[in-house]
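The chain contents come next:
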Amino acid sequence: MDEKMLEEESLKAKVLIEALPYIRYFSGKYVVVKYGGSAMLDADLQKNVIRDVALLKLIGMKPIIVHGGGKEISKWVKLSGKEPEFYNGLRVTDKDTMEIAEMVLFKVNQELVAMMAQQGIKAVGLSGKDAEMMKVEKKEVLGKDLGYVGNVTEVNTDLLEALIEDDFVPVISPIGLGEDYEGYNINADDTACAIASALNAEKLVFLTDIEGVFIDPEDKSTLISEMDLTQAHEFVDKGVVGGGMLPKLKNCIEAIENGVARVHILDGRLDHCLLLEFFTQKGIGTAILKDPIF
Ligand SMILES: Nc1ncnc2c1ncn2[C@@H]1O[C@H](COP(=O)(O)OP(=O)(O)O)[C@@H](O)[C@H]1O
Ligand SMILES: CC(=O)N[C@@H](CCC(=O)OP(=O)(O)O)C(=O)O
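This one's a predicted model, so the numbers in the text were calculated from it and none came from an experiment.

1. So, the overall build of the protein chain
Piece 1. A tally of regular secondary structure across the protein chain gives nine helices and 16 strands.
Piece 2. Here the protein chain has a C-alpha radius of gyration of 19 Å; the compact-globule value for 294 residues is 19 Å, and the two agree.
Piece 3. Based on the C-alpha atoms only, the size of the protein chain along its principal axes is roughly 65 × 45 × 35 Å.
Piece 4. Among the 294 residues that make up the protein chain, the fraction classed as buried is 48%.
Piece 5. Residue pairs in contact within the protein chain that sit at least 24 positions apart in sequence constitute 72% of those at least 6 positions apart.
Piece 6. Total accessible area on the protein chain stands at roughly 14,400 Å², and carbon and sulfur atoms take up 53% of it.

2. A word on the UniProt feature "site: Transition state stabilizer" (unreviewed entry) in the protein chain
Piece 1. The feature "site: Transition state stabilizer" (unreviewed entry), as given by UniProt, occupies Lys34 and Lys248 in the numbering adopted here. Spanning 215 residues, the annotated positions come together in the fold, the maximum distance between their C-alpha atoms being 10.8 Å.
Piece 2. Residue placement: Lys34 occurs in strand S1 (residues 30–35).
Piece 3. Residue classification places Lys34 among the buried residues on the basis of a relative accessible area of 6%.
Piece 4. Lys34 has contacts with Val66, Gly68, Ala188, Asp189, Ala192, Val205, Phe206, Leu207 and Lys248, leaving out every residue within four places of it along the chain.
Piece 5. Polar side-chain contacts of Lys34 include one of 2.9 Å to the side chain of Asp189.
Piece 6. Tracing the backbone shows Lys248 in helix H8 (residues 245–257).
Piece 7. The exposure class assigned to Lys248 is buried, which follows from its relative accessible area of 8%.
Piece 8. Once residues within four sequence positions are removed from consideration, Lys248 is found in contact with Lys34, Asp189, Phe206, Thr208 and Ile265.

3. Concerning helix H5 (residues 157–165)
Residue pairs spaced three or four apart in an α-helix point in one direction, given the helix's 3.6 residues per turn.
Piece 1. Taken together, the buried positions of H5 are occupied by Thr157, Leu160, Leu163 and Ile164. Projected down its long axis, H5 shows its buried positions confined to an angular sector of 130°, all on one face. In H5, the exposed residues that point more than 90 degrees away from the buried face are Asp158 and Glu165.
Piece 2. Where H5 is buried, its residues meet S1, strand S2 (62–67), strand S5 (123–126), strand S7 (150–155), strand S8 (169–172) and helix H6 (188–199).
Piece 3. Between the side-chain oxygen of the N-cap and the backbone nitrogen of Asp158 there are 3.0 Å, and the N-cap of H5 in question is Asn156.
Piece 4. Once H5 finishes, Asp167 follows within two positions and takes phi at roughly 80°, a positive value.

4. Some words on the site of ligand 1
Piece 1. Around ligand 1, a shell composed of 16 residues is seen, among which Thr208, Asp209, Phe214, Gly242 and Lys248 lie nearest.
Piece 2. Between ligand 1 and Thr208 there is a distance of 2.7 Å, counted from an oxygen atom to a side-chain nitrogen or oxygen.
Piece 3. At a separation of 3.3 Å, an oxygen atom of ligand 1 approaches a polar backbone atom of Met245.
Piece 4. Protein contact buries 77% of the 570 Å² of open area that ligand 1 shows by itself.
Piece 5. At the level of secondary structure, the elements contributing two or more residues to the shell around ligand 1 comprise strand S12 (213–214) and H8.
Piece 6. Looking at the shell around ligand 1 residue by residue, the classes come out as seven nonpolar, five polar and four charged.

5. Looking at the site of ligand 2
Piece 1. Looking at ligand 2, there are 14 residues lining it, with Lys34, Gly37, Arg91, Asn185 and Ala188 nearest.
Piece 2. The fraction of the free accessible surface of ligand 2 (430 Å²) that becomes covered by protein chains is 90%.
Piece 3. Breaking the shell around ligand 2 down by element, the ones donating at least two residues are helix H3 (70–79) and strand S4 (90–91).

6. Comments concerning the pattern of salt bridges
Piece 1. Taken as a whole and assessed by the stated rule, the structure comprises 20 salt bridges.
Piece 2. Here Lys57 ties to Asp167 by a salt bridge, and the two come within 2.9 Å at their closest N and O atoms. Of this pair, Lys57 sits in helix H2 (residues 43–58) while Asp167 sits in the loop between H5 and S8, and the two are 110 residues apart along the sequence.
Piece 3. A relative accessible area of 14% places Lys57 in the buried class.
Piece 4. A salt bridge links Arg262 to Glu202, with the shortest nitrogen-to-oxygen separation between them at 3.9 Å. One end of the pair, Arg262, is in strand S15 (residues 262–267); the other, Glu202, is in the loop between H6 and strand S11 (203–208), with 60 residues separating them in the sequence.

Reading the values: the criteria
- Residues numbered from 1 in each chain as written.
- Chains lettered and ligands numbered in written order.
- Predicted model: local features only at pLDDT ≥ 70, side-chain atom pairs only at ≥ 80, totals over all residues.
- Heavy atoms only, no water.
- Helix = DSSP H or I, 4+ residues; strand = E, 2+ residues; numbered from the N terminus.
- Rg over C-alpha atoms; globule rule 2.2 N^0.38 Å.
- Buried < 20%, exposed > 50% of the residue type's maximum accessible area, 1.4 Å probe, protein only.
- Contact = heavy atoms within 4.5 Å.
- Areas by Shrake-Rupley, 256 points an atom, 1.4 Å probe, with all protein chains shown as cover.
- UniProt positions renumbered as here; feature names shortened; annotations may be inferred.
- Polar contact = N/O pair within 3.5 Å; in protein donor to acceptor, adjacent residues only side chain to side chain.
- Arc of directions from axis to C-beta.
- Near = heavy atom within 4 Å.
- Nonpolar A, V, L, I, M, F, W, Y, C, P; charged D, E, K, R; others polar.
- Salt bridge = Lys/Arg side-chain N within 4 Å of Asp/Glu carboxyl O.

This is the structure in structure tokens:
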């Protein structure tokens, strides 16, 4: 080995050594990764994210993927000749739109499952209908009928736990089973929060299309790398966050209050964002923590 190669190999070894305490800490624990938004549009990016999740699994963690696909659903709604309609960030989902959503989410789900297989990981695609894993009630909003949009009322973790025990990685699409036994469209962030809460996950990671939570998204120096629950509540109440970040941060708070130990918002467009978050001292993005450990 020449000197340059030796230096590179030694750097790799150092990276591994730095990762060791984190690998030990998270080994055997549930980590839920929500993958959606613009961060999932690029095929190369998807492969990178999936490879990172595969690595988490191979080193002993118990990852669960919850995916979105909102942009893809909108594309197909438009192709069907309709204009996608949203109310407070939720898709107004009539019968036809629900049919499109189920078809698109099934396709997205199976693509992710196949990508996991390519990495040598046995993944199983599920919706909330499978074994009645995720039950919902129709979401009621004053003055507007959202159609087939659901609020998660119950997560049956038996199936998930059994699959994970048997070494499978669940890949979950945001569809719930209604009281009328119809499929209901659930916001994917809400789905990830419900799944992580029900499993008492150690970590919930939202991969999105921005570096994290900013005081001012226009000023990149205002990224908040860590916040506790009080601060997170303040950000919501004082309107620091807006757009899609508002429901996301509310979900982070809810997950922490439900017992998830740590929740992170990261830029899913960044190569190996998951590894940078899991295995470096500083991490990336924004962490919402109950009790900081490291
Ligand atoms: N204070 C803030 N910090 C970060 N992002 C913010 C903030 N306020 C509003 N946003 C917006 O929230 C968006 C992320 O939410 P969203 O688009 O719903 O993500 P996803 O589609 O990945 O679920 C960002 O792209 C950004 O435009
Ligand atoms: C009710 C509702 O709005 N459901 C979402 C589900 C998909 C989703 O949330 O996908 P992203 O995470 O990629 O945005 C929708 O139909 O767009």
